[in-house]
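A closer look at the structure
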Amino acid sequence: FGYYPNREAAMQAIFDYNKNPYDLNTAAITFSELYERFAVVKKTQIGSKSFTTYTSAYAKCEPLYNMIFADIRKDHMQAIIDAHTDKSIATRKNIRALFSQMYLYAAQNDIHIIKDYSEFLDCGEAGGRTIERVPFTHEEVNTLWENYNRMEYADTVLILIYTGMRVMELMGMKSEDVHLDGKYMIGGSKTAAGKRRYIPLHDRILPLVKRYYDQGNEYLITNTVGKKFGYQNYAQKKFAVIMQQLGMTHLPHDTRHTFASFMDSAGAKKLVIKRIMGHQDKDITDRVYTHKDISELLEEVNRLE
């Protein structure tokens, strides 16, 4: 069965097994392993082309990949959905649909699950929970500057605010793509305009980025053992703790909203804001950056205080 913290938990596991026997060989199946089995079957039912909806949803679930499927709870899955509240409701519903279909597959194939938690997930539809994007105030940003040296990872919040990057774009940034001399990074995700884009480094955050860069890890921002952060680990164990300690009530994506708001208020060019943030635009997609372009990005981003 496995290891349990005490005798009571072990006895409960035995009771649950006797009540609803399952294949012990599947008890430790991970999210990714279950998805691979599910994908093989589902593709034969709906075809590879139609299956792309599930493929896209799965790509957004990276924090769950290595988790034992039976250990995944509602909060784990809700965090994945909440990480994509900047996308359409349809996108979030597709993620929930993937969870639901994987639970159904597990049940049909006697793969151990506690219960189907997907039915409790909230995608933010009308009448449900909606997540309002609230930018940081200038006072809150000043508070972060005053405290970043004494609070672990508080500087990452400032880097997010001054670059407009998504959390997983920053967590996925490799050190080899950081160019301190040129004051920019190359990275990004999501759209064609967002991938491999130039992200200028504001003068104020350059020392913060350098401090991480000098650690010599593969990824710029890493956990305490030098490994890449997952979204949930950073959002819940780092970002949320910082917000609580500073008396703020923000979600990670608020940093991106703050960047857009501050840049607009500072009079930055609309096209430059889109380019930095990786927003799709007919004038941006597939554009080749020159030294002049990078200089313009740096000039505009340094409008921020």
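Since this is a predicted model, take the numbers as computed values, not measurements. (Residues numbered from 1 in each chain as written. Predicted model: local features only at pLDDT ≥ 70, side-chain atom pairs only at ≥ 80, totals over all residues. Heavy atoms only, no water.)

What to know about the overall build of the protein chain
How we decide: Numbering goes from the N terminus for both helices and strands, where a helix is a DSSP run of H or I of at least four residues and a strand is a run of E of at least two. Relative accessibility decides the category of a residue: with a 1.4 Å probe and only protein chains considered, values under 20% of the type maximum give buried, values over 50% give exposed, and everything between is partly exposed. Contacts are residue-level and defined by heavy atoms, with any inter-residue pair within 4.5 Å sufficient. We get accessible surface area from the Shrake-Rupley algorithm with a probe of 1.4 Å; when it comes to residues, only the shown protein chains can shield them.
Across its full length, the protein chain holds 13 helices and three strands. Within the protein chain, the proportion of its 305 residues that are buried is 46%. If you take every contact in the protein chain between residues at least 6 apart in sequence, the share linking residues at least 24 apart comes to 66%. Taken as a whole, the protein chain presents about 15,900 Å² of accessible surface, with 49% of it coming from carbon and sulfur.

Topic: the pairing of strand E2 (residues 184-187)
Formally: Each pair of strands is called paired provided DSSP finds at least two bridges between the two strands.
Side chains Tyr184 and Ile186 of E2 all project onto a buried face; the interleaved residues Met185 and Gly187 project onto the opposite face, where all are buried too. Summarising the sheet, strand E1 (residues 178-179) and E2 pair through two bridges and their orientation is antiparallel. Paired with Val178 across the bridge in E2 is Met185. As consecutive antiparallel partners, E1 and E2 are separated by four residues, and within that stretch Lys183 has a phi angle of approximately 60°, a positive value. Judged from the four bridges that link them, E2 and strand E3 (residues 197-200) form a sheet pairing that is antiparallel. Directly across from Gly187, in E3, lies its bridge partner Arg197.

Re unusual backbone geometry
Its identity as a non-glycine residue notwithstanding, Asp110 has a phi of 55°, on the positive side. Position of Asp110 relative to the elements: it lies in the loop between helix H5 (89-108) and helix H6 (138-147). Positive phi, close to 70°, is recorded for Tyr153, a residue that is not glycine. If you trace the backbone, Tyr153 turns up in the loop between H6 and helix H7 (154-163).

Describing the packing of aromatic side chains
Note the cut-off: Within 6.5 Å between ring centres, the rings of Phe, Tyr and Trp (the latter by its six-membered ring) count as paired, and their orientation is classed by plane angle as stacked under 30 degrees, edge-to-face over 60, tilted in between.
Within the structure shown, the criterion is met by 18 aromatic pairs. Consider the rings of Tyr35 and Tyr58, whose centres lie 3.7 Å apart with planes at 5°: the pair is stacked. Taken together, the residues span a long stretch of sequence, with Tyr35 in helix H2 (residues 31-46) and Tyr58 in helix H3 (residues 52-59) at a distance of 23 residues. Tyr35 gets classed as buried once you look at its relative accessible area, which sits at 8%. Residue class for Tyr58 comes out buried when judged on its relative accessible area of 14%.

A few points about the pattern of salt bridges
Operational definition: Salt bridges are counted wherever a side-chain nitrogen of Lys or Arg sits within 4 Å of a carboxyl oxygen of Asp or Glu.
As enumerated under the stated definition, the model contains 12 salt bridges in all. Between Lys269 and Glu296 there is a salt bridge, with the nearest N and O atoms lying 3.0 Å from each other. You can see Lys269 sitting in the loop between helix H11 (254-265) and helix H12 (270-277) and its partner Glu296 sitting in helix H13 (residues 291-301), a full 27 residues away along the chain. Salt bridges sharing partners connect three or more residues here, namely Arg166, Glu169 and Arg197.

A short note on the environment of Met171
By the secondary structure assignment, Met171 is in helix H8 (residues 167-171). Sequence separation between Met171 and Tyr234 is 63 residues; the distance between their C-alpha atoms is 8.7 Å. The residues contacting Met171, other than those within four sequence positions of it, are Tyr219, Ile221, Lys228, Phe229 and Tyr234.

Some thoughts on the sheet that holds E1
The three strands are arranged E1-E2-E3 in an open sheet whose pairing can be described as antiparallel. The open sheet is flanked by E1 and E3, the only strands paired with a single partner.

Digging into the packing of H7 against helix H10 (residues 231-246)
Working note: a packed helix pair is described by the angle between its axes plus the distance between those axes. Formally: Each axis is a line fitted through C-alpha atoms, taken for helices only over the stretch in contact, and angles between the N-to-C directions span 0 to 180 degrees. Oblique is the label for any angle not under 35 degrees, not over 145, and not in the 65 to 115 range, which are roughly parallel, roughly antiparallel and roughly perpendicular in turn. Think of it as three bins: nonpolar holds Ala, Val, Leu, Ile, Met, Phe, Trp, Tyr, Cys and Pro, charged holds Asp, Glu, Lys and Arg, and polar takes everything else, Gly as well.
Axis separation between H7 and H10 bottoms out at 9 Å; the angle between their running directions is 95°. Between H7 and H10, the interaxial angle falls into the category roughly perpendicular. Of the residues in H10, those in contact with Ala154, Thr156, Val157 and Leu160 of H7 are Tyr234, Phe239, Ile242 and Met243. For the contact of H7 with H10, a count of residues per class yields seven nonpolar, one polar and no charged.

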